[in-house]
Amino acid sequence: MSTTAIPTNTKWWNGGRSPFNASYGKVMMWYFLMSDAFTFGAFLISYGTIRFSVNNWADPNHVFNAFPFAGHANLPLAFVSLMTFILIFSSVTMVLAVHEGHKMNRKGVEKYMILTIFGGLAFLSCQAWEWTHLLTGEHVALLKDGTLSILPTTVKSNPWGLEVAHDAMLAALQKTPHDQLASIAATLHHGGEAVVHDVKTMSDAELISLIQSSDLHVSNPGPIAFGGYFFGITGFHGFHVFSGVIINIVMLAKTKLGHFDQRGHYEMIEKAGLYWHFVDLVWVFVFLCFYLI
Amino acid sequence: MSSAATSADISLAPEHGSGTKRIWKTFWLLSVLTVIELGIGLTIYNIHKGANPNPTLVLAFKGMVCILTLAKAYYIVSIFMHLGDEIRNMIMTIVVPLCLFIWFITAFLWDGNSWKILRNTNAGSRPAQTEQHQPAAIEKGEKP
């Protein structure tokens, strides 16, 4: 009864067959992904609207220039390109798993599913590092009261506004109280416990000359919307990656248990694959909107 | 359920070349497009470092990255997600609604830009502000 080739005069809509030549589950996965695309689209467009409406939005190359174990080195785009390549590569292993599924090759599906899961976990680890780096912040900002302070990037504070001119920065240093000077000096010199203790005993003048001896860049605080949009949208994407990893682990378990061999096809792997590729697709746009432009 | 994908009402699409060649080709294509995007990103960074960044040039480069991103999206959806192998009616039910984004993006970015003009020209009912309101904790100089 099963047909292998599609006759040229097929009447798709006469009933008795799927008009889209696809199973219910697969078609519905596509419509779910379409609606999810609108959710992400709405978030990104909202972000774009606010970004267009202010004069002092952060320069991404300025914010995202750190790399693990590289200290204060200025490496714009480096870490995010690593994350992008991890996700592209895990997309390739996913499509290879789907391909092995078509061939009913259980061992091949298992191998590529494991690689895909590792890719997803690697991406999540990168994101955890980046969030920690921003939330524990090391950037110095000029506050409204005319003093300098270290501000983290959170949903309530954004140290990435317009850059402060050099003499304005020097004037602000003179007005900054001792404990704020000490914490700035400790941060600039990679404050371990010993450094923190040392700077606390120094006088204001010593601290100011210590801070001036290192290359200090100071900004005004920027629009507070930055943190909310960044953590909201990358968080929502990260949540998709996380649930994708969970789905892939379930699929790997079902493959190992032989469920798909009993069923006679590996279509579930295809559906999980659609979701996983969608996560990669969204990252392409998050990468564009937050890091590139 | 158990025979959904192999029942008589669904004909499996023919395998393309039955090899993984097309997948790896797409992978290299995506990688090259990403590297070009990164190159443009660094170019924009270097333009911004200069004394007088040319806004038209920056906008042109940003437009180029947007086009490259759309190309990447096309390859992911068409090859990796196999949408290109589905029948035309199904492709249309997914792609046509997404055309709403054309209006969505244009209208909202236009609106954002209009807000910026109001902010900078006193044309609104409020005095112009160059910076957004900061929460009280930061005004007082405390760490929030």
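Enquirer: Explain the overall build of chain A residue by residue, including any values.
Expert: Along the backbone of chain A there are 11 helices and three strands. Reported as C-alpha extents along the three principal axes, the dimensions of chain A are approximately 90 × 40 × 25 Å. With 293 residues in all, chain A has 40% of them scored as buried. Within chain A, residue pairs in contact and separated by at least 24 positions form 73% of the contacts whose partners lie at least 6 positions apart.

Enquirer: Describe the pairing of strand β2 (residues 148–151) of chain A, listing the residues and the values that go with them.
Expert: The sheet contact formed by strand β1 (residues 139–142) of chain A and β2 of chain A spans four bridges and is antiparallel. Residue pairing for β2 of chain A: V140 of chain A is matched across the bridge by I150 of chain A.

Enquirer: Quick one: what's the story with the sheet that holds β1 of chain A, residue by residue and with numbers?
Expert: Residue and element names in this part refer to chain A. Taken in spatial order, the three strands make up an open sheet running β2-β1-β3, and their pairing is mixed. Edge positions in the sheet fall to β2 and β3 (218–219), since each has one partner strand and no second. One ladder, built from two bridges, connects β1 with β3; its direction is parallel. Bridge assignment links V140 to a residue of β3, and that residue is V218. Helix α6 (residues 178–188) contacts β1 and β2 of the sheet and is inclined by roughly 55° relative to β2.

Enquirer: Kindly report on helix α1 (residues 24–53) of chain A, identifying the contributing residues and their values.
Expert: For α1 of chain A, spanning 30 residues, the distance from its first C-alpha to its last is 44 Å, which sits close to the expected 44 Å at 1.5 Å a residue. Looking only at α1 of chain A, the buried set comprises K26, M29, W30, L44, Y47, R51 and S53 of chain A. Lining the buried residues of α1 of chain A we find α9 (225–256) and α11 (267–292) of chain A together with α3 (88–98) and α4 (100–121) of chain B.

Enquirer: An account of the confidence of the model for chain B is needed here, citing residue identities and associated values.
Expert: Residues and elements named next belong to chain B. Averaged over every residue, the pLDDT of chain B is 80; the share at 70 or more is 72%. Of all the helices and strands in chain B, helix α5 (residues 136–139) carries the lowest mean pLDDT, 45, while helix α2 (residues 55–80) carries the highest, 94. In this model residues 1–6 is a low-confidence stretch, pLDDT under 50, and it forms 12 contacts with partners more than four residues away in sequence or in other chains. Note on residues 134–144: pLDDT under 50 across the span, and 24 contacts to partners over four residues away in sequence or across chains. Among the scores for the predicted complex, ipTM is 0.86 and pTM is 0.86.

Enquirer: Go over the packing of α1 of chain A against α9 of chain A with me, naming the residues and quoting the values.
Expert: Residues and elements named next belong to chain A. Close contact between α1 and α9 brings their axes to 11 Å; oriented N to C, the two are set at 165°. One element, α1, and the other, α9, form an angle in the roughly antiparallel class. Like other packed secondary-structure pairs, α1 and α9 cross with a definite hand, here left-handed. The segment α1 lies against α9, with F43, L44, Y47 and I50 engaging A225, Y229, G232, I233 and F236. Looking at the contact of α1 with α9 residue by residue, the class counts come to eight nonpolar, one polar and no charged.

Procedures and definitions
- Residues numbered from 1 in each chain as written.
- Chains lettered and ligands numbered in written order.
- Predicted model: local features only at pLDDT ≥ 70, side-chain atom pairs only at ≥ 80, totals over all residues.
- Helix = DSSP H or I, 4+ residues; strand = E, 2+ residues; numbered from the N terminus.
- Buried ≥ 20, exposed ≤ 12 C-beta atoms within 10 Å, placed from the backbone.
- Contact = placed C-beta atoms within 7 Å.
- Pairing = 2+ DSSP bridges.
- Axes fitted to C-alpha atoms, helices over the stretch in contact; angles between N-to-C directions.
- Expected span 1.5 Å × (residues − 1).
- pLDDT = per-residue confidence, 0-100.
- Parallel < 35°, antiparallel > 145°, perpendicular 65-115°, else oblique.
- Left-handed = near helix turned anticlockwise from the far one by under 90°.
- Nonpolar A, V, L, I, M, F, W, Y, C, P; charged D, E, K, R; others polar.

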